[in-house]
Amino acid sequence: MFTTIGTLLGGIGLFLLGMILLTEGLTALAGDRLRTTLGRLTGSRIKAVLSGAAITALVQSSHATTLATIGFVSAGLLSLSQAIGVVIGANLGTTSTGWLVSLLGLKLSIGSLLLPLVGVGVLLRLLGKGRLASAGIALAGFGVLFVGLDLLQSGMGGLAERIDLSRFGAATLGARFMLLLVGLVMTLLMQSSSAALAITLTALATGTLSLEQAGAMVIGQNLGSTFTAALAAIGATIAAKRTALIHILFNIGAGTLAFFILPLLIWLADWLTGDGLGDHQALTLAAFHTLFNLLGAALFLPFTAQLAALAERLLPEPRPALTRHLDASMQVVPSLAVEAAHGTLRQCAQVVLQNAAARLRNEEAGFVVANLDEARDATEVVARYLARLPEAEGEVLNRLNACLHLLDHVRQSAHEALKIRWEPQVQAIIPLSQHARELAALLLNAAQALTDHRQEEDIEQALQALRQHNQDIRLSILQASATRKLAMEATLDGLTLARSCERLSYHGERCLFYLQGLAGKDKIAPGSLVEAGPEPIADEENV
């Protein structure tokens, strides 16, 4: 008995280790492509589901897909409704583990054949760099996974002779519920529904469990995976918590339905698999796992908008609106953290431009989500957030560099907007008043463009032209003062306002420039986003 338990524990440990290595290696190998793929393939509900399923099947981890999805929601690049599709797809994609184990691991017992892969993978990890080292980790993980599966089969064969589960025949709802709880506890203890499923498949193959018993345990394992999502959401942003809640609601809904129609689903899975390749009962269980997740997807997918509204109602926004996308849990993945910072700075820029336009018109900006002080405080939060990122490289480094430029220009824009003062004598300077209103109109258009991505290039060109026009305004004020047509106090106040207009034009133009680069579909080439031209007058002595 001790030998059997030792073999089981060793098999579980090796299987988990293999899953960890395989996931880490494939995720690192995918790199920034995970961000790009999710960003491009979530335009519709079906695309979101397919992309979530494909990526999860590729990296063999729904956690990696969910983390990336949370990152996109937090960065404002995915709506909660789109994220629901990806989460549903991730649940479908994770069923691929059952097919992999039942088709290869149980029928062929390829653990010993894959042992050389472990050695090759370790050598690649030790001697290689970058993507080659990541491929080595994934290769070693793949081999270790099936070595662990062989041990699991061996241990389960001995266990079947000593454990009688006939009293949990799954014929009654009570017995079925007890088996569901066993599956749930297995996932909680191992923190991996894939490992729990592999154990269930090997128990089924060795005769320890019947098909209906295994089906009830798989439902419990599917429910148990929500505990990991709930843990990951603790201390995260509200977007992460809502995404985790949707994951929990989907699994509970699909699991409850499967629980009550278990015999029907088992019969359908058995009919679909027939007497194909691999262990027939194991294939039937893998098909059952996929079927009830497909059924859940069919039920939930048409109601993604309502599900998102429910999540938002159950978890209202408790944090300041501008910094709600900054999730500390994403800082371990620099590409996702930079996207979150980009989304936050885009909102900050919009707030600053709207407030600046209102101040230039000498009006209250009552229609914006925050004031200038809140926007400036938010940029400080972004700065601290980016400072805690690990070292970046490649495309992520270029995007981080662009984000830091953007951060500086948003801060400077807020600083200049706060300095705008309309003294009575300044309002009498007609050319300056007209110029300020023209700039205000352009800044408002720019703020709108940041929302719907319209006409940003046209607005950038107009801001550049206005910056040149500022020189004429300043010269006209000085000329009027020199000819005694304008009092000295009005001259100084007018020049101060003209200087603020010039700087707002400059920093507004730069904000749009970097936001365009960060929002573009193409990669940012090193040095492609650089400062163009000198900054406007920066000290009082140059007046």
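Residues numbered from 1 in each chain as written. Predicted model: local features only at pLDDT ≥ 70, side-chain atom pairs only at ≥ 80, totals over all residues. Heavy atoms only, no water.

A few points about the overall build of the protein
Here is step 1: When helices and strands are tallied, the protein shows 22 helices and zero strands.
Here is step 2: Relative to its full complement of 543 residues, the protein shows a buried share of 53%.
Here is step 3: Taking the intrachain contacts of the protein between residues at least 6 apart in sequence as the baseline, contacts between residues at least 24 apart amount to 78%.
Here is step 4: Surface summary for the protein: the accessible area is close to 23,800 Å², and the carbon and sulfur share equals 62%. (Helix = DSSP H or I, 4+ residues; strand = E, 2+ residues; numbered from the N terminus. Buried < 20%, exposed > 50% of the residue type's maximum accessible area, 1.4 Å probe, protein only. Contact = heavy atoms within 4.5 Å. Areas by Shrake-Rupley, 256 points an atom, 1.4 Å probe, with all protein chains shown as cover.)

Considerations on the pattern of salt bridges
Here is step 1: Here the structure, examined in full by the defined rule, presents seven salt bridges.
Here is step 2: With a shortest N-O distance of 3.1 Å, Arg411 and Glu380 are connected by a salt bridge. Of this pair, Arg411 sits in helix 18 (residues 394–418) while Glu380 is found in helix 17 (residues 372–387), placing the two residues 31 residues apart along the sequence.
Here is step 3: Ionic pairing is found between Glu509 and Arg510, a salt bridge with its closest N-O pair at 3.1 Å. (Salt bridge = Lys/Arg side-chain N within 4 Å of Asp/Glu carboxyl O.)

Things to note about the environment of Ala328
Here is step 1: Its place among the elements puts Ala328 in the loop between helix 15 (304–314) and helix 16 (334–360).
Here is step 2: Classification of Ala328 as partly exposed rests on a relative accessible area of 48%.
Here is step 3: Considering only alpha carbons, one finds Ala328 and Leu389, 61 residues apart in sequence, at a separation of 9.7 Å.

Focus: the packing of aromatic side chains
Two numbers describe a pair of aromatic rings. These are the distance of the centres and the angle of the planes.
Here is step 1: In the structure shown here, the tally under the stated rule is five aromatic pairs.
Here is step 2: Plain terms: the ring middles of Phe250 and Phe300 are 5.4 Å apart, the flat faces sit at 65° to each other, and that makes the pair edge-to-face. Of the two residues, Phe250 is situated in helix 12 (residues 238–260) and Phe300 in helix 14 (residues 280–300); the sequence distance between them amounts to 50 residues.
Here is step 3: Looking at Phe250, the relative accessible area reads 1%, which means it is buried.
Here is step 4: Taking the centre distance of 5.3 Å and the plane angle of 85° together, the rings of Phe259 and Phe260 count as edge-to-face.
Here is step 5: An aromatic cluster is built from Phe177, Phe259 and Phe260, whose rings are joined through pairwise contacts. (Phe/Tyr/Trp six-rings, centres within 6.5 Å; stacked < 30°, edge-to-face > 60°.)

As for the nonpolar core
Here is step 1: Leu360, Leu386, Leu406, Leu432 and Ile477 are the most contacted members of the largest nonpolar core, which totals 60 residues.
Here is step 2: Breaking this core down by element, the ones donating at least two residues are helix 16, helix 17, helix 18, helix 20 (430–452), helix 21 (456–482) and helix 22 (488–519).
Here is step 3: For this core, the element with the highest residue contribution is helix 16, accounting for 13 residues.
Here is step 4: Setting aside residues no more than four positions away along its own chain, Leu432 makes contact with Trp422, Val426, Ile473, Ile477, Gly494, Leu497 and Ala498.
Here is step 5: Counting residues in each nonpolar core, the second largest holds 32 residues, with Val101, Met186, Leu197 and Leu211 among its members. (Core = buried A, V, L, I, M, F, W, Y, C linked by side-chain atoms within 4.5 Å.)

Re the packing of helix 16 against helix 17
Here is step 1: Here helix 16 crosses helix 17 at 160°, and the two axes come no closer than 9 Å. Our classification of the angle between helix 16 and helix 17 gives roughly antiparallel. Classified by chirality, the crossing of helix 17 by helix 16 is left-handed. Taking contact as the criterion, the partners of Ala337, Ala340, Ala341, Thr344, Leu345, Cys348, Val351, Val352, Asn355 and Arg359 in helix 16 are, on helix 17, Leu372, Ala375, Ala378, Thr379, Val382, Tyr385 and Leu386.
Here is step 2: Along the lines of polarity and charge, the residues of the contact of helix 16 with helix 17 split into 13 nonpolar, three polar and one charged. (Axes fitted to C-alpha atoms, helices over the stretch in contact; angles between N-to-C directions. Parallel < 35°, antiparallel > 145°, perpendicular 65-115°, else oblique. Left-handed = near helix turned anticlockwise from the far one by under 90°. Nonpolar A, V, L, I, M, F, W, Y, C, P; charged D, E, K, R; others polar.)

What about the confidence of the model for the protein?
Here is step 1: Looking at the protein, pLDDT values average 75 and 71% of them are 70 or higher.
Here is step 2: Ranking the elements of the protein by mean pLDDT puts helix 2 (residues 33–40) last, at 58, and helix 18 first, at 88.
Here is step 3: pLDDT under 50 marks residues 537–543. Its contacts with residues more than four places away, or in other chains, come to twelve contacts. (pLDDT = per-residue confidence, 0-100.)

Comments concerning helix 13 (residues 262–273)
Here is step 1: Between the first and last C-alpha of helix 13 there are 16 Å, a value that for twelve residues agrees with the 16 Å anticipated at 1.5 Å per step.
Here is step 2: Restricting attention to buried positions, one finds in helix 13 the residues Leu262, Leu265, Ile266, Ala269 and Thr273. Taken down its axis, helix 13 places every buried residue within 100° of arc, on the same side. Exposed and oriented more than 90 degrees from the buried face of helix 13 are Leu264, Trp267 and Trp271.
Here is step 3: Count one or two residues on from helix 13 and you reach Gly274, which has phi positive near 60°. (Expected span 1.5 Å × (residues − 1). Arc of directions from axis to C-beta.)

Overview of the environment of Ile55
Here is step 1: Position of Ile55 relative to the elements: it lies in helix 3 (residues 45–59).
Here is step 2: Among the residues examined, Ile55 registers a relative accessible area of 7% and is labelled buried.
Here is step 3: Separated by 39 residues in sequence, Ile55 and Thr94 have C-alpha atoms that sit 9.6 Å apart.

Description of the packing of helix 16 against helix 18
Here is step 1: Contact geometry for helix 16 and helix 18: axes closest at 9 Å, N-to-C directions at 20°. When the axes of helix 16 and helix 18 are compared, the pair comes out roughly parallel. Where helix 16 crosses over helix 18, the two elements pack in a sense that is left-handed. Along its contact with helix 16, which presents Pro334, Ser335, Val338, Glu339, Ala341, His342, Leu345, Cys348, Ala349, Val352, Ala356 and Arg359, the element helix 18 presents Val396, Arg399, Leu400, Cys403, Leu406, Leu407, Val410, Ser413, Ala414, Ala417 and Leu418.

Notes on helix 15
Here is step 1: Those residues of helix 15 that fall on the buried side of the exposure criterion are Thr304, Leu307, Ala308 and Ala311. Along the long axis of helix 15, the arc covered by the buried residues comes to 100°, so they all point the same way.

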